[in-house]
2 protein chains.
Amino acid sequence: MMGWDFGAMLMKVGTSDYASIVSINIFVALLCACIVIGHLLEENRWMNESITALIIGICSGVVILLTSKWRSSHILVFSEDLFFIYLLPPIIFNAGFQVKKKQFFRNFMTIMLFGAVGTLISFFIISIGAIGFFKKMDIGLDVNDYLAIGAIFSATDSVCTLQVLNQDETPLLYSLVFGEGVVNDATSVVLFNAIQNFDLGHIDAVIVLEFIGNFFKLFVTSTLLGAVGGLLSAYIIKKLYFGRHSTDREVALMMLMAYLTYMIAELLNLSGILTVFFCGIVMSHYTWHNVTESSRITTKHAFATLSFIAETFLFLYVGMDALDIEKWKFVSDSPGTSIGVSSVLLAMVLVGRAAFVFPLSFLSNLAKKSPNEKIPFKQQITIWWAGLMRGAVSIALAYNQFTRSGHTQIRANAIMITSTITVVLFSTLVFGTMTKPLVSLLCARHSGIPSEPTTPKSFLYPLLDNGQGSEVETGAICIPRPSSLRMLLRTPTHTVHHYWRKFDDAFMRPVFGGRGFVPFIPGSPTERSVHGDEN
Amino acid sequence: MMGWDFGAMLMKVGTSDYASIVSINIFVALLCACIVIGHLLEENRWMNESITALIIGICSGVVILLTSKWRSSHILVFSEDLFFIYLLPPIIFNAGFQVKKKQFFRNFMTIMLFGAVGTLISFFIISIGAIGFFKKMDIGLDVNDYLAIGAIFSATDSVCTLQVLNQDETPLLYSLVFGEGVVNDATSVVLFNAIQNFDLGHIDAVIVLEFIGNFFKLFVTSTLLGAVGGLLSAYIIKKLYFGRHSTDREVALMMLMAYLTYMIAELLNLSGILTVFFCGIVMSHYTWHNVTESSRITTKHAFATLSFIAETFLFLYVGMDALDIEKWKFVSDSPGTSIGVSSVLLAMVLVGRAAFVFPLSFLSNLAKKSPNEKIPFKQQITIWWAGLMRGAVSIALAYNQFTRSGHTQIRANAIMITSTITVVLFSTLVFGTMTKPLVSLLCARHSGIPSEPTTPKSFLYPLLDNGQGSEVETGAICIPRPSSLRMLLRTPTHTVHHYWRKFDDAFMRPVFGGRGFVPFIPGSPTERSVHGDEN
């Protein structure tokens, strides 16, 4: 919507109005094509929307490269700002808004273990591997670069993962892999920023402890900021009784306040990703219940749509950027080095992830008493595999480390950029296409792995359906199922969740609204949604 | 979402990441404040959202001016691209999407008369007035500038008008003033572009005729492009059966295709405003009926929300830009000239509009047989008054004519920019605040002016309500009212509308969908909306 900082992403071909209108036209037309083709390939078991967009992006890149006579393959240079300020927030916010909160919080410790500790393990292994191999290959990087490589390639692509796994078929897996992805993104970005400001002369135990302390402070403050933003929106909408006049104002306020928390987090050098993710969770728990029925349907779908457009845009963009001729020219005289670097990085990604998924799963299983909650070996393989994709976060960080506003003239940097692109393309295309079949092979329904057999599907599900989870969209909106009572009776009553519920009902909901504490809005059929909360 | 061309609007204070994050934060926070304050002032008869945003913008401008020690009052420079490429399309598209089509097409000839011929009359009078007065005042403008002034000040502010008039209380008035506003914007922009490419050496009858011919060609092709874009979206969504998999894809496709038609129109040098307006009309007539129930609710509200955010942004932006110290410095040494210029322009705006509203209303009344369809004198005054506001289109055109990427060093140009800002602020604040009371005075309900007493309110209205029209939002969605049958019987059967309906039912709807021709989407309660079309 706004753009203060787009100087760096002006088109290379020309900066005239006409040229920018042409490139917007091409981009929007390609987005439409991605949607239509993605729809047609929906039934295909190998493809998904991300891969389709990536392939269309690469094809358009080739066409532009040919028509521009090998001068330029992209109509805009990859910009970190575009990515971090405009594309990422709607994607992560929507993830928080639509996530199954019960699943997420039940597995919270495991998710944190994988996302934070796991990413650190992966970071160390990839960094050490990079030092070991690349020093021998004599590419010409310094220690800071090696550490940055560790951070860059520890960032999994949660966007692609979301499209491959299914929240309803494999709920435990989805919540683990996706939750890990969000925490992992945040960890990688924090790690990367820490490295850039790191004085490598004096590393001792105090500095490492300080670093870990900072990380936890950052995690807690980011989460709190997101929660406060969400609660504030709930409070304002509840108190000021917004639905009375305008349903659009409610939706606009939710959107803008979510974006504001993200930008405030960026302003305070916190992790915007974590902030907006938790803001999404809080908004779906409180704010969403305070708005009119129309606003509920609108927010659910509008946020999902914005996120969907941002995701498609992103993969299209990465695909078109992949063929950037400027960087490949540096590499063309030493193709062996480039292939070597990419292979080493891919191997390190595989090893680095294996090195934490299996040990940490073992640890996590030790802590769980019920065999139902343990992570079986087949699922461990899937977790390992589903997190191998590297995506736009890696590319954005690589551009930040190795280029100056999208351009580079140094050979080592050009090799690192092209290798990053190679790893991203290879992992998304090869690992990505193989994930769907792998999941259905290892976690097929008949194998009975779903660890939450009694978790009732949200009754509001058809209403909330973002369209990628279920095959049918039923018209009947709320049919209370008999299993809900059974579930309630079976829920263990002395868990953290139980105390949270008591606290929520006693203090939070009366103030901030939420299920059962919705203010009366004349004519709004609020009863309809009372059954439908998934807490 | 995208920004290829934002070089011109980089912040003046600094171009660092940090500064741009600060300014985004300020802007988003101000947007939230506008929404909350606008909501609180809803009951106030003088205020509306636009004026609130404008005043908040001016106040923030003052605060920034004081904190930056009189160096700069704005956090971004006004950019035509931001306006024409990102803010205007959602506003105009939403206007087409939500407009009452029956009213609009019934008054089509009057709207065209006011919008096209009226704007030309206004343009000539303001240009001649500018030549007469400003030559005496010796400001230092050339003939091209005078003609540009005519075009700049012929552009009424349809955004502000929309907020002052009420589609349900005064339907004829709303459809006339608003319809005129859209056509008027298009005419002004076309006129302005024509002047810039005009060779003023040889003006003869042939060139004038050519100009008029071009204008009609432009009008027809722009409208057709919009209609084709809308029909294409309807066809794709109907044929490919989108609702089957994903409701988000439908919404995304509608958004992107609407934006694509706008950008194609800009690419082909057509009027994007007209194109996207008619695309909105066609989409609400066909495409909207082909999507799932959730998509219908979502699109109605999401488009209205985007438009609402864009409008608020726009007025905030104009308000903050008003205090641009750089331009006012030029003017401060000759305040008399500046006040004189602004007064002359305001007077010309008043005269120019009076000069076409009353004669053209007279002409229009001559053509109508039924006294019901005539425009009474009181409504003529309201039409005259409601179109006096000048807004962002005027500012954007003035910046285009008198500055080079937002800056100017020429005294005459600085005077014209500041005068434009003065006219916009004065007309919006003074004329704008007086419109609401004037409308209720002249067109009060008891005076019985509503010319369409039997027009049934759309039954879907509560569902489609964008929240600014009605005070209550009822939960009951479709209650067929007895008056609908009466209305159907009373409708004259041999009008253009009748033939259009026959054509529509026989050829258009079977191909493109629409009410009664909705493809079967499993589980989607399509029957619900069958009653609710307003065609």
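Residues numbered from 1 in each chain as written. Chains lettered and ligands numbered in written order. Predicted model: local features only at pLDDT ≥ 70, side-chain atom pairs only at ≥ 80, totals over all residues. Heavy atoms only, no water.

## Notes on the overall build of chain A
Which entries qualify depends on this criterion: Under the DSSP-based scheme used, a helix requires at least four consecutive residues in state H or I and a strand at least two consecutive residues in state E, with every element numbered from the N terminus. Note on definitions: a residue-residue contact is assigned when non-hydrogen atoms from the two residues lie within 4.5 Å. Values of accessible area rely on a 1.4 Å probe in the Shrake-Rupley scheme; residue burial ignores everything except the protein chains shown.
The helix and strand tally for chain A stands at 20 helices and zero strands. The long-range share in chain A, meaning contacts at least 24 apart out of those at least 6 apart in sequence, stands at 82%. Within the structure as shown, chain A displays about 20,400 Å² of accessible surface, and the carbon and sulfur contribution to it stands at 68%.

## Side note on the pattern of salt bridges
All names here are of chain B. The cut-off we apply is this: Here, a salt bridge means any side-chain nitrogen of Lys or Arg that lies within 4 Å of a carboxyl oxygen of Asp or Glu. Burial classes: relative accessible area under 20% of the type maximum marks a residue as buried, over 50% as exposed, and values in between as partly exposed (1.4 Å probe, protein chains only).
This model, assessed by the stated rule, comprises eight salt bridges over all chains. Linking E293 and R296 is a salt bridge whose minimum nitrogen-to-oxygen distance equals 3.7 Å. Of this pair, E293 and R296 both sit in helix 12 (residues 293–321), three residues apart, which is roughly one turn of that helix. The buried category is assigned to R296, whose relative accessible area is 1%.

## What to know about the environment of B:T408
All names here are of chain B. Here T408 lies in the loop between helix 16 (392–402) and helix 17 (411–442). The class of T408 is buried, set by a relative accessible area of 5%. On a C-alpha basis, the gap between T408 and K327 in space is 7.6 Å, while along the polypeptide they are 81 residues apart. With sequence-adjacent residues up to four places away left out, T408 is seen in contact with E326, K327, F330, F402, T403, N413 and A414.

## Quick notes on the side chain of A:R509
Residue and element names in this part refer to chain A. Short version of the rule: Any pair of N or O atoms that falls within 3.5 Å is considered a polar contact. Within protein, one atom must be able to donate a hydrogen and the other to accept it, and sequence-neighbouring residues count only if both atoms are side-chain atoms.
Assignment of secondary structure puts R509 in helix 20 (residues 496–512). Only 3.5 Å separates the side chain of R509 from the side chain of H285, close enough to count as a polar contact. A distance of 3.1 Å separates a polar atom in the side chain of R509 from a polar atom in the side chain of D505.

## Here we look at the nonpolar core
A general trend in soluble globular proteins is that nonpolar side chains are found buried together. To keep it simple, the criterion reads: Each nonpolar core is a collection of buried residues, namely Ala, Val, Leu, Ile, Met, Phe, Trp, Tyr and Cys, held together in the definition by side-chain atoms within 4.5 Å.
Within the largest apolar cluster, 284 residues are counted, with the highest numbers of intra-cluster contacts made by A:F134, A:I149, B:F134 and B:I149. Ranked by residues supplied to this core, first place goes to helix 8 (residues 171–196) of chain A with 15 residues.

## Brief notes about the side chain of B:N25
Looking at the element boundaries, B:N25 is found in helix 1 (residues 17–40). Residue classification places B:N25 among the buried residues on the basis of a relative accessible area of 6%. A polar contact is formed between the side chain of B:N25 and the backbone nitrogen of A:I264, at a distance of 3.3 Å. Beyond its immediate stretch of four places on either side in the chain, B:N25 contacts A:L260, A:M263, A:I264 and A:L267.

## Describing the packing of helix 3 (residues 80–98) of chain B against helix 11 (residues 272–290) of chain B
All names here are of chain B. Our working rule: In this analysis, axes come from line fits to C-alpha atoms, helices being fitted only over the stretch in contact, and the angle between any two N-to-C directions falls in the range 0 to 180 degrees. For classification purposes, an angle smaller than 35 degrees is called roughly parallel, one larger than 145 roughly antiparallel, one from 65 to 115 roughly perpendicular, and anything else oblique. Should the near helix be turned anticlockwise from the far one by less than a right angle, the crossing is left-handed, and should it be turned clockwise, the crossing is right-handed. Any residue that is not Ala, Val, Leu, Ile, Met, Phe, Trp, Tyr, Cys, Pro, Asp, Glu, Lys or Arg is counted as polar, Gly included; the first ten are nonpolar and the last four charged.
One can describe the packing of helix 3 onto helix 11 by two numbers: an axis separation of 7 Å at closest approach and a directional angle of 45°. Our classification of the angle between helix 3 and helix 11 gives oblique. In this structure, the crossing between helix 3 and helix 11 has a hand that is right-handed. Between helix 3 and helix 11, the residues in contact are L88, P89, I92, F93, A95, G96 and F97 and I273, V276, F277, C279, G280, I281, M283, S284 and W288, respectively. Broken down by class, the residue content of the contact of helix 3 with helix 11 amounts to 13 nonpolar, three polar and no charged.

## Examining the packing of helix 8 (residues 171–196) of chain B against helix 16 of chain B
Residues and elements named next belong to chain B. For the pair helix 8 and helix 16, the least separation of the axes is 11 Å and the interaxial angle reads 5°. Classified by the angle their axes make, helix 8 and helix 16 are roughly parallel. Judged by residue contacts, D185, V189, F192 and Q196 of helix 8 engage V393, L397, N400 and Q401 from helix 16. Class assignment for the residues of the contact of helix 8 with helix 16 results in four nonpolar, three polar and one charged.

## A word on unusual backbone geometry
Note: most peptide bonds trans; most residues except glycine with negative phi. All names here are of chain A. The phi angle at N269 is positive, at roughly 60°, despite the residue not being glycine. Among the structural elements, N269 can be located in the loop between helix 10 (247–267) and helix 11 (272–290). Judged by relative accessible area, which is 62%, N269 ranks as exposed.

## Here's the deal with the confidence of the model for chain A
Residue and element names in this part refer to chain A. The following threshold applies: Every residue carries a pLDDT, the predictor's confidence in it, which falls somewhere between 0 and 100.
Residues of chain A with pLDDT of at least 70 account for 78%, and the chain-wide mean is 77. Put simply, helix 18 (residues 461–464) is where chain A has its lowest mean pLDDT, 36, and helix 10 is where it has its highest, 92. Confidence drops under a pLDDT of 50 for residues 1–16, and excluding neighbours within four residues, the segment shows 60 contacts in the predicted structure. Our summary of model confidence lists the complex with pTM equal to 0.81 and ipTM equal to 0.80.

## Side note on the packing of aromatic side chains
The test is simple: Here is the rule: rings of Phe, Tyr and Trp (six-membered ring for Trp) pair when centre to centre is within 6.5 Å. Planes less than 30 degrees apart are stacked, more than 60 are edge-to-face, and the remainder are tilted. Whether a charge lies above a ring is judged from NZ of Lys or CZ of Arg, which has to be within 6 Å of the ring centre and within 35 degrees of the ring normal.
Evaluated as defined, the whole model comprises 48 aromatic pairs over all chains. Summarising the aromatic geometry, the rings of A:F104 and A:F108 are spaced 6.0 Å apart at their centres and angled 70° between planes, so their arrangement reads as edge-to-face. We classify A:F104 as buried; its relative accessible area is 1%. In this structure A:F108 comes out as partly exposed when scored by relative accessible area, which is 25%. Here B:F503 and B:F507 contribute two aromatic rings whose centre-to-centre distance is 5.6 Å and whose plane-to-plane angle is 40°, an arrangement assigned as tilted. With a gap of four residues between them, B:F503 and B:F507 both fall in helix 20 (residues 496–512), about one helical turn apart. On the basis of relative accessible area, B:F507 is assigned to the exposed category, the value being 54%. Each residue in the set A:F358, A:F377, A:W384, A:W385, A:F426 and A:F431 is aromatic and connected to the rest through ring pairs, giving one cluster. A:K300 extends its terminal NZ or CZ atom over the ring of A:W288, reaching a point 5.3 Å from the ring centre.

## What about a nonpolar patch on the surface?
Going by this rule: Without a salt bridge and with relative accessible area above 30%, a residue can belong to a patch; like charges are then joined within 9 Å and nonpolar side chains (Val, Leu, Ile, Met, Phe, Trp, Tyr) within 5 Å.
Side chains of A:V208, A:L209, A:I212 and A:F216 sit close together on the surface and give an oily, nonpolar patch of about 380 Å² of accessible area. By the element assignment, A:F216 lies in helix 9 (residues 205–240).

## Topic: helix 5 (residues 108–137) of chain B
Residues and elements named next belong to chain B. Where we set the bar: Multiplying one less than the number of residues by 1.5 Å gives the expected span of a helix. The angle between axes fitted to the seven-residue stretch ending at a residue and the seven-residue stretch beginning at it gives the bend at that residue.
In this model, helix 5 (30 residues) spans 42 Å end to end at C-alpha, consistent with the 44 Å of a helix rising 1.5 Å per residue. Considering bend angle alone, the principal kink of helix 5 is centred on G118 and spans about 30°. Phi turns positive, to about 55°, at D138, one or two residues after helix 5.

## As for the state of the cysteines
Residue and element names in this part refer to chain B. Put simply, the test is: Throughout, disulfides are identified as pairs of cysteine sulfur atoms within 2.5 Å of each other.
Tallied over the full model, the rule gives zero disulfides over all chains. Here C34 stays free of any disulfide, with the sulfur of C32 as its closest cysteine sulfur at 9.2 Å. In this structure C59 is not part of a disulfide, and its nearest cysteine sulfur, from C34, lies 10 Å away. For C59, a relative accessible area of 45% puts it in the partly exposed group.

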